[in-house]
Amino acid sequence: MKIIFLGPPGAGKGTYASRLTPILKLPHISSGNMVRDEIKAQTQLGNLMKKYSDKGKLGPDEIMIKILAKRLRKPDCKKGCILDGFPRTIKQAKALEKISKIDLVININVPDQIIITRLSNRLTCKKCGTIYNKLTLKPKKDNICDKCGGELYQREDDKPKVIQERLNVYRKKTEPLIEHYKKKNLLKDVSCNDLMIPPEVIVEKIKSIINSVQKSRS
Ligand code: AMP
């Protein structure tokens, strides 16, 4: 099954996808993590993408489509995948349709105020990318990743002045995908209206949507 997680930055796409990966036995493909790996390795691509990412802007469609197409050709994607952060524009969605059939789009709705609070308190592991939150999802030891012992940091684009720009970019470029996938009858909504709702609760909601879609199509 190929599933897209759609939603604004800070909606929890990465958190829910990483929890669903072992349950569904599907790889979690995060375009943002792929971009950050390139930036960390200081590759030519990483140096280029850093200019966009640090400002909360989207990278060029052509580049992102190439990166994702290459990743989706890997054998672990044969049975499906969870796409987190891609597509982010209509152009990317159309390119993806040529590469791969999409089975389901989970649209995660979260009010702006929750997003702003969540992102400005988010911490990310430098080594493995695991996401924590100073308010709601604290690591066992301050600033140390529970999973790999890596150091936690605040992403440049999680700083307050960049968050608003990321939300503006989402509304303008990514939100039109909701209508696009609704028309294709692929969209299912999940809402999170309270900052303190534990991730497991939303994961359960997503699991039951996936199960009912699988049943209805089998
Ligand atoms: P994310 O962690 O998904 O918010 O991604 C971090 C940054 O990587 C974004 O702000 C963009 O600069 C870049 N990026 C990730 N995915 C895409 C995409 N599908 N299209 C364009 N830029 C992207």
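Below you will find a few notes about this structure. All values reported here derive from a predicted model rather than from experimental measurement.

Thoughts on the site of the ligand
Phase 1 of the analysis: Around the ligand, the structure places 17 residues, and the nearest of them are S31, R36, K57, R88 and Q92.
Phase 2 of the analysis: The separation between an oxygen atom of the ligand and a polar side-chain atom of R88 is 2.9 Å.
Phase 3 of the analysis: In this structure, R155 approaches the ligand through a side-chain N or O atom, which is 3.1 Å from an oxygen atom.
Phase 4 of the analysis: A total of 470 Å² of accessible area belongs to the ligand in isolation, and the protein chains cover 95% of it.
Phase 5 of the analysis: Elements represented by at least two residues in the shell around the ligand include exactly α2 (31-40) and α3 (44-53).
Phase 6 of the analysis: The leading source of residues in the shell around the ligand is α2, at 4 residues.
Phase 7 of the analysis: Partitioned by chemical class, the residues of the shell around the ligand number 5 nonpolar, 6 polar and 6 charged.

Regarding helix α7 (residues 160-174)
Phase 1 of the analysis: Taking 1.5 Å of rise per residue, 15 residues should cover 21 Å, and α7 covers 20 Å from first to last C-alpha, within 8% of that figure.
Phase 2 of the analysis: Considered for burial, the residues of α7 that qualify are V162, I163, R166, L167, V169, Y170 and T174. Taken down its axis, α7 places every buried residue within 165° of arc, on the same side. More than 90 degrees from the buried face of α7, the exposed residues found are K161 and K172.
Phase 3 of the analysis: Of the surrounding secondary structure, the elements contacted by the buried residues of α7 are β1 (2-6), β4 (104-109), α6 (112-120), β5 (122-125) and α8 (176-183).

Calculation rules
- Residues numbered from 1 in each chain as written.
- Predicted model: local features only at pLDDT ≥ 70, side-chain atom pairs only at ≥ 80, totals over all residues.
- Heavy atoms only, no water.
- Near = heavy atom within 4 Å.
- Polar contact = N/O pair within 3.5 Å; in protein donor to acceptor, adjacent residues only side chain to side chain.
- Areas by Shrake-Rupley, 256 points an atom, 1.4 Å probe, with all protein chains shown as cover.
- Helix = DSSP H or I, 4+ residues; strand = E, 2+ residues; numbered from the N terminus.
- Nonpolar A, V, L, I, M, F, W, Y, C, P; charged D, E, K, R; others polar.
- Expected span 1.5 Å × (residues − 1).
- Buried < 20%, exposed > 50% of the residue type's maximum accessible area, 1.4 Å probe, protein only.
- Arc of directions from axis to C-beta.
- Contact = heavy atoms within 4.5 Å.

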